[in-house]
Each structure stands twice: as C-alpha cells, then as structure tokens.
Amino acid sequence: MAAIFKSVIVPASADRAWALVSRFDDPAALAPGFVSACEIVEGDRVVHFADGGSVREMLVSCDDAHRRLSYAAVGGKSKFHHASMQVVPLDAESSRIDWVTDLLPDELAPFIDARMEAGTAAIERGLSG
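The structure displayed is predicted, hence computed values, not measured ones.

Q: Looking at this structure, I do not really get the packing of aromatic side chains. What am I missing?
A: For any pair of aromatic rings, the description consists of the separation of the ring centres together with the inter-plane angle of the planes. Tallied over the entire structure, the rule returns one aromatic pair. The interplanar angle of 55° and the centroid separation of 5.1 Å between the aromatic rings of Phe34 and Phe49 together place this pair among those described as tilted. Remark: Phe49 occurs in strand E3 (residues 44-49) and Phe34 occurs in the loop between helix H2 (27-30) and strand E2 (35-41); sequence separation between them is 15 residues. You'll find Phe34 and Phe49 in the same group, each marked buried. Just above the ring of Tyr71 sits the side chain of Arg45; from NZ or CZ to the centre is 4.9 Å.

Now the structure itself:
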C-alpha cells in the first residue's frame, strides 16, 4: 500500500487553519485555485479540481479536539484511498498541516502525489494571503 505524506507550514494560527481544514463541504476555501467547486451528494462531497478532474469523498471523521479531518474516496480508480489532514500548532501565528494518504493500487501513487503537491501549494498560498 502506498503512503504519501505532505506537510506545509502556514502563517496562520492553528485555530484559523483548522477553521478551513474542517470545512468538509468547502475545500475550495482551503485550497483556492486547486479546488474549483464542491457539491454535496447523498452526504458525500464531490470535489472538482481546476485541472478538470473530480473525486467523490465520504467524511470518516472530523475531530475538533485533535484538529484532524479524515475522509475516503468513494468509487473511482482506487481500491482503497483514505486520507487525513491534521493541524499542528507551532506558535501563536503559525501552524503545520500534515496531509497523509494511504492508497491502493500503488500505481496510482505518482498521480496522487502530484495532486497532493499541487494541493499543498494552494493551501500555503491560501493561508498566506
């Protein structure tokens, strides 16, 4: 099973970063320019990306105490796709967002890694502005 790890340090308090990460129904607020739209369908979110791709995801958990959001892709090319984002406070003005994805089949890892890299860059831009 492929495991992909991304981390980004952002100039935002953990509370501010978590306020965006925890919005399962609005990932475009967290990653503007990377996510172009999101719709809720039967409790799942369908995320539309700026590159024209889309994915359906279900919420697994949203843990305010640990500032951790967990979700899984539904359908698509993967046999298994689970991801989480966690906000870690660094100081009053900055935090780190850790994004982890576990994925099968392994052959999808380069594509998902590139997508996560683009998403991480968008998150950094969004929280810097």
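Q: Teacher, can you tell me more about the nonpolar core here?
A: Across soluble globular proteins, nonpolar side chains have a tendency to be buried as a group. By size, the foremost hydrophobic cluster in this structure holds 34 residues, and its most contacted members are Val21, Ile97, Ile123 and Leu127. At the level of secondary structure, the elements contributing two or more residues to this core comprise strand E1 (2-10), helix H1 (14-21), E3, strand E5 (68-73), strand E6 (80-91), strand E7 (94-104) and helix H3 (109-128). With six residues, H3 is the largest single contributor of residues to this core. Excluding its chain neighbours within four sequence positions, the residues that come into contact with Ile123 are Val8, Val10, Leu30, Ala31, Met85, Ile97 and Trp99.

Q: I keep staring at H1 and nothing clicks. Help me out?
A: Side chains three or four residues apart in an α-helix point the same way, a direct result of the helix having 3.6 residues per turn. Ala14, Ala17, Trp18, Leu20 and Val21 are the residues of H1 that are buried. One side of H1 holds all its buried residues, which, seen down the axis, span an arc of 160°. On its buried face, H1 is in contact with H2, strand E4 (54-63), E5, E6, E7 and H3.

Thresholds applied
Residue numbering note: each chain is counted from 1, following its sequence as written. This being a predicted model, a pLDDT of at least 70 is required before a residue's local features are given, and a value of 80 or more before pairs of side-chain atoms are given or counted; all residues contribute to the totals for chains, interfaces and linings. Neither water nor hydrogens contribute to the side-chain values; these are computed over all heavy atoms in the structure. Centre distance within 6.5 Å is the pairing criterion for rings of Phe, Tyr and Trp, where only the six-membered ring of Trp is used; planes under 30 degrees apart are then read as stacked, over 60 as edge-to-face, and the remainder as tilted. In this text, helices come from DSSP runs of H or I with a minimum length of four residues, and strands from runs of E with a minimum of two, each type numbered from the N-terminal end. A simple rule labels every residue: compare its accessible area, found with a 1.4 Å probe on the protein chains alone, to the largest value its type can have, and call it buried under 20%, exposed over 50%, or partly exposed in between. In this scheme, Lys NZ or Arg CZ marks a charge over a ring once it lies within 6 Å of the ring centre and within 35 degrees of the ring normal. Buried Ala, Val, Leu, Ile, Met, Phe, Trp, Tyr and Cys residues that are joined via side-chain atoms within 4.5 Å together make up what is termed a nonpolar core. Note on contacts: a residue pair qualifies if any of its non-hydrogen atoms lie within 4.5 Å across the two residues. Comment: arc refers to directions from the helix axis out to C-beta atoms.

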